Amino acid sequence: MIKVAITGTGLFTPEHAIDNDTLVASFNAWAEAEDARHGEAIAAGEREAIAPSSTDFIVKASGIHSRYVLDAEGILDPERMRPRLPQRRNDEPSLQCEMGLKAASQALDAAGVKANDIELVIVGCSNLERAYPAVAVELQAALGAAGYAFDMNVACSSATFAIDAAANAIRCGGVKRALVVSPEICSAHLNFRDRDSHFIFGDACTAVVLENAAVATAESRFEILGTRLVTRFSNAIRNNAGFLGRVTDTDPLATDKLFVQEGRRVFKEVCPLVASLIDEHLASLELQGADLSRLWLHQANRHMNDLIARRVLGTDPPPDKAPIILDRYANTSSAGSIIALHLHRHDLSPGALGVVCSFGAGYSAGSVVLRRQ
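Remember, predicted model here, so these are calculated numbers, not experimental data.

Caption draft 1: Structural detail: the side chain of threonine 7. Note that threonine 7 resides in strand 1 (residues 4-12). Reaching out from threonine 7, the side chain makes a polar contact with the side chain of glutamate 211 at a distance of 2.7 Å. Not counting the four nearest positions on each side in its chain, threonine 7 is found in contact with Ala110, Ala111, Val209, Glu211, Ala216, Ala218, Ser220 and Arg221.

Here it is, written out as structure tokens:
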């Protein structure tokens, strides 16, 4: 049986960062101006005033303190409140390809692998820059990788689902090496005028090299003991943006064309789904939560992570056992659990076990059980 190992990871972090205080000041400036424009309607009881945001509210609700974004100026402009990202010519690298190149180069270096040794490239993320040609095929060409490439979208679970697909391609002998890249530009689909969600997302890109363990040369590697995926349909997290917008004559800037969620419902429904997925996956490998040295969880909400980790581990998790990176990265969709893996794996001893787990819209959830070699 062919064994598969993760032999390298990479991370691209944008240069711009926005802390909560700065984000709140922008939101409140817009809210005050909006209330002033509708003062008569508010006074007449026909319209409610917009509740102000605050740093305390954001930290209490999510555990997020700051986020990295590709463009801060457009987001913080109360007249715009969305990133300003100029359209690129067709003969220029796309933004997601450029992000992918930076993260992939780190992952390839860590694995000791050349780009032309890669036979499969999967770009998995929540929002793809265009319908076609595939960003993955563009990235494959820019890297000089061999084989084939394709895009996939399973929202916040895109990276783990892509790892499952890449690992299976290696297990069946179709390829020896694969690259999974997740260029998440989450700030572009976030409604910065929604008090309940304006703080949630940040931008980042991750990359993961997977290899047939028999050909891997990296000193640091993690064998994939198993992968398990689950989906369950739900409208609790939704984004209605799509190519049919131009024929349905809907407003492309309408709020439903951005990230929308029912937060409390998501918390109530997703946490038990994820905990059960991990528990059942571990049991199928004759393992249990107590055997784990690390949980690299999706980074959406501190309270969700704490609850899931507690249920899986059977105890309150110490910070090093279920590391949190959302405090400074915020929710980076599918990149979040991979950022946690990238930043918090080097201290593990040979034989140590860990789980990379994603969860999000769909609902979707993916579990990848790893053992340090």
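On we go from here.
Caption draft 2: Quick look at the environment of alanine 322. Note on placement: alanine 322 falls in the loop between helix 10 (302-313) and helix 11 (326-329). It is 9.0 Å that separates the C-alpha atoms of alanine 322 and alanine 340, two residues lying 18 residues apart in sequence. Setting aside its immediate chain neighbours within four residues, alanine 322 contacts Leu295, Ala309 and Pro317.

Caption draft 3: Quick look at the packing of helix 1 (residues 20-37) against helix 3 (residues 55-62). Interhelical geometry of helix 1 versus helix 3 gives an angle of 120° and a closest axis separation of 9 Å. Relative to helix 3, the element helix 1 is oriented oblique. The way helix 1 lies across helix 3 gives a crossing that is right-handed. On helix 3, the residues touching Asn20, Asp21 and Val24 of helix 1 are Thr55, Ile58 and Val59.

Caption draft 4: Focus on the packing of helix 5 (residues 95-111) against helix 6 (residues 135-143). In the contact formed by helix 5 and helix 6, the axes pass within 10 Å of each other and the chain directions differ by 55°. Put simply, helix 5 runs oblique to helix 6. In this structure, helix 5 crosses over helix 6, and the sense of that crossing is right-handed. Judged by residue contacts, Gln96, Cys97, Gly100, Leu101, Ala104 and Leu108 of helix 5 engage Val135, Glu138, Leu139, Ala142 and Leu143 from helix 6. Partitioning the contact of helix 5 with helix 6 into residue classes produces eight nonpolar, two polar and one charged.

Caption draft 5: Focus on unusual backbone geometry. Residue proline 133 is bonded to the preceding tyrosine 132 through a cis peptide linkage, with omega at 0°. Mapped onto the elements, proline 133 comes out in the loop between strand 4 (120-124) and helix 6. Its identity as a non-glycine residue notwithstanding, glutamate 286 has a phi of 60°, on the positive side. Secondary-structure assignment places glutamate 286 in the loop between helix 9 (263-284) and strand 11 (292-297). Its relative accessible area of 74% is what places glutamate 286 among the exposed residues. Despite not being glycine, alanine 330 shows a phi value in the positive range, around 60°. Residue position: alanine 330 is located in the loop between helix 11 and helix 12 (335-343).

Caption draft 6: Examining the pairing of strand 6 (residues 177-185) more closely. With nine of nine residues buried, strand 6 lies mostly within the body of the structure. Neither face of strand 6 is open: one carries Arg177, Leu179, Val181, Pro183 and Ile185, the other Ala178, Val180, Ser182 and Glu184, and all of them are buried. Pairing of strand 4 with strand 6, which is carried by four bridges, proceeds in the parallel orientation. Counterpart to valine 123 in the pairing with strand 6 is valine 181. Relative to strand 7 (residues 203-212), strand 6 runs antiparallel, the two sharing nine bridges. From the neighbouring strand, valine 181 faces strand 7, where its bridge partner is alanine 207.

Caption draft 7: Representation of the pairing of strand 12 (residues 353-360) in the model. With eight of eight residues buried, strand 12 is to be regarded as a mostly interior element. Summarising the sheet, strand 11 and strand 12 pair through five bridges and their orientation is parallel. What sits directly across from tryptophan 296, in strand 12, is valine 356. By the bridge criterion, eight bridges tie strand 12 to strand 13 (residues 364-372) in an arrangement that is antiparallel. In the strand pairing of strand 13, valine 355 is matched with valine 369.

Caption draft 8: Broad picture of the sheet that holds strand 5 (residues 148-152). Spatially, nine strands are ordered 5-4-6-7-1-8-13-12-11 in an open sheet, and the strand pairing comes out mixed. Unpaired on one side and paired on the other, strand 5 and strand 11 mark the two borders of the sheet. Going from strand to strand, the sheet's axes swing by 25° on average, the running direction of each strand aside. Docked against the sheet, helix 5 engages strand 1, strand 6 and strand 7, running at close to 130° with respect to strand 1. Contacting strand 11 and strand 12, helix 10 runs over the sheet at an angle of about 150° to strand 11.

Basis of the calculations
- Throughout this description, residue numbers start from 1 for each chain and increase along the sequence as written.
- Local features in this predicted model are restricted to residues of pLDDT 70 or higher, and side-chain atom pairs are both shown and tallied only at a pLDDT of 80 or more, whereas totals for entire chains, interfaces and linings draw on every residue.
- The basis for every side-chain value is the complete set of heavy atoms in the structure, and neither hydrogens nor water enter the calculation.
- For helices the rule is a DSSP run of H or I covering at least 4 residues; for strands it is a run of E covering at least 2, with both sets numbered from the N terminus onward.
- Think of a polar contact as two N or O atoms within 3.5 Å of one another; within protein, one of them needs to be a possible hydrogen donor and the other a possible acceptor, and neighboring residues in sequence only count if both atoms come from side chains.
- A contact between two residues is defined here by any heavy atoms of the two lying within 4.5 Å.
- Axis definition: a line fitted to C-alpha atoms, limited for helices to the stretch in contact. Angles are taken between N-to-C directions and run from 0 to 180 degrees.
- The scheme is simple: roughly parallel for angles under 35 degrees, roughly antiparallel for over 145, roughly perpendicular for 65 to 115, oblique for anything else.
- Put simply, a crossing is left-handed when the front helix is turned counterclockwise from the back one by less than a right angle, and right-handed when it is turned clockwise.
- Amino acids outside the nonpolar list (Ala, Val, Leu, Ile, Met, Phe, Trp, Tyr, Cys, Pro) and the charged list (Asp, Glu, Lys, Arg) are all regarded as polar, and Gly is one of them.
- The classification of residues rests on relative accessible area computed with a 1.4 Å probe and restricted to protein chains. Under 20% of the type maximum is buried, over 50% is exposed, and intermediate values are partly exposed.
- Any two strands with at least two DSSP-identified bridges between them are counted as paired.

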